[in-house]
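# Commentary on secondary and tertiary structure
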Amino acid sequence: SSETFWTTTGMFPQEFIIGFPKCVKISKVAIQCYLVRTLRIERSVSKDPVGFEQCIEKDLQHTEGQLQMEEFLLPDFQATYLRFIIKSAFDHFVSVHRVMAEGT
């Protein structure tokens, strides 16, 4: 729902984990967020959310008054869990409005 979002508690880093029912192939991850400065995405192929490895780390552009929309192409990428770590921000609080993963 575009009416809902997840917000940080004011200190960094902050993280959230998205789990899939089984290991899946992901070709693209997209995120819509607000005031995120540095974002890292990690993956785990384990049955449990452990053993994460870093996949992407990016400094996002500041878009005052608008959502940041970032897409990450991931060729030959498999994951059971994705961990999103917001390492820093442009303000004390940030929000994540949508995360989309495409693949099979």
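- In the annotation of an unreviewed UniProt entry, the entry for the chain reads Heat shock protein beta-11, and the organism field reads Nipponia nippon.

## A look at the sheet that holds strand E5 (residues 68–89)
- The six strands are arranged E1-E6-E2-E5-E3-E4 in an open sheet whose pairing can be described as antiparallel. Across the chains shown, the open sheet's two edge strands, defined by having one partner strand only, are strand E1 (6–7) and strand E4 (53–59).
- Pairing analysis gives eight bridges linking strand E2 (residues 14–34) to strand E6 (residues 95–103), with the strands arranged antiparallel. Its bridge partner being in E6, Cys-33 is matched across the sheet by Val-96.

## Observations concerning the pairing of E6
- Examined bridge by bridge, E1 and E6 share two bridges and lie antiparallel to one another. Across the sheet, Trp-6 pairs through a bridge with Val-96, a residue of E6.

So, how was this worked out
- Residues numbered from 1 in each chain as written.
- Predicted model: local features only at pLDDT ≥ 70, side-chain atom pairs only at ≥ 80, totals over all residues.
- Heavy atoms only, no water.
- Pairing = 2+ DSSP bridges.
- Helix = DSSP H or I, 4+ residues; strand = E, 2+ residues; numbered from the N terminus.

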